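Summary of structural features
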Amino acid sequence: MNVVFSPLISEKLKILMIKGHRITDTSSSGAAKFLSKKIDEEYKSLNLPEY
């Protein structure tokens, strides 16, 4: 899945990754990995039944 963020959102995401999570790979692939991991964690925390 490809998602494109506005420049403002991209900068906020970079700051969050660097300061909040100490992730230095702020390229688009690094951001995609970070967001995929966060979405996966959020999904697992919902404890939805498996299909």
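Shown above is the structure to which this text applies.
Everything numeric in this text was worked out from a predicted model, so none of it was measured. (Residues numbered from 1 in each chain as written. Predicted model: local features only at pLDDT ≥ 70, side-chain atom pairs only at ≥ 80, totals over all residues. Heavy atoms only, no water.)

On to the overall build of the chain, then. If you tally the helices and strands in the chain, you get 2 helices and 0 strands. The C-alpha atoms of the chain give a radius of gyration of 13 Å, which is well past the 10 Å a tight globule of 51 residues would have. With the principal axes as the frame, the chain shows a C-alpha extent of 35 × 25 × 15 Å. For the chain, the exposed surface amounts to about 4,700 Å²; the carbon and sulfur share of it is 61%. Positive and negative side-chain charges in the chain, numbering 8 and 6 respectively, have mean positions lying 9 Å apart. (Helix = DSSP H or I, 4+ residues; strand = E, 2+ residues; numbered from the N terminus. Rg over C-alpha atoms; globule rule 2.2 N^0.38 Å. Areas by Shrake-Rupley, 256 points an atom, 1.4 Å probe, with all protein chains shown as cover. Lys, Arg positive; Asp, Glu negative; His and termini not counted. Charge placed at Lys NZ, Arg CZ, Asp CG, Glu CD.)

Our focus in this paragraph is helix α1 (residues 7-21). Taking 1.5 Å of rise per residue, the 15 residues of α1 would be expected to cover 21 Å, and the 20 Å separating its terminal C-alpha atoms lies within 8% of that figure. Downstream of α1 by one or two residues, Arg 22 has phi in the positive range, about 55 degrees. (Expected span 1.5 Å × (residues − 1).)

Attention shifts here to the pattern of salt bridges. Scanning the entire structure with this criterion turns up 3 salt bridges. A salt bridge links Glu 11 to Lys 14; its shortest N-O distance comes to 3.7 Å. Of this pair, Glu 11 and Lys 14 are both found in helix α1, 3 residues apart, which corresponds to roughly one turn of the helix. Overall, the relative accessible area of 44% leaves Glu 11 in the partly exposed class. On the basis of relative accessible area, Lys 14 is assigned to the partly exposed category, the value being 32%. Residue Lys 44 pairs with Asp 40 through a salt bridge whose shortest N-O separation is 3.3 Å. With Lys 44 and Asp 40 both in helix α2 (residues 28-45) and 4 residues apart, this pair spans about one turn of that helix. (Salt bridge = Lys/Arg side-chain N within 4 Å of Asp/Glu carboxyl O. Buried < 20%, exposed > 50% of the residue type's maximum accessible area, 1.4 Å probe, protein only.)

The subject of this paragraph is the environment of Val 4. Assignment of secondary structure puts Val 4 in the segment before α1. Residue Val 4 is classed as exposed on the basis of its relative accessible area, which comes to 78%. Between the C-alpha atoms of Val 4 and Ser 28, which are 24 residues apart in sequence, the distance is 9.1 Å.

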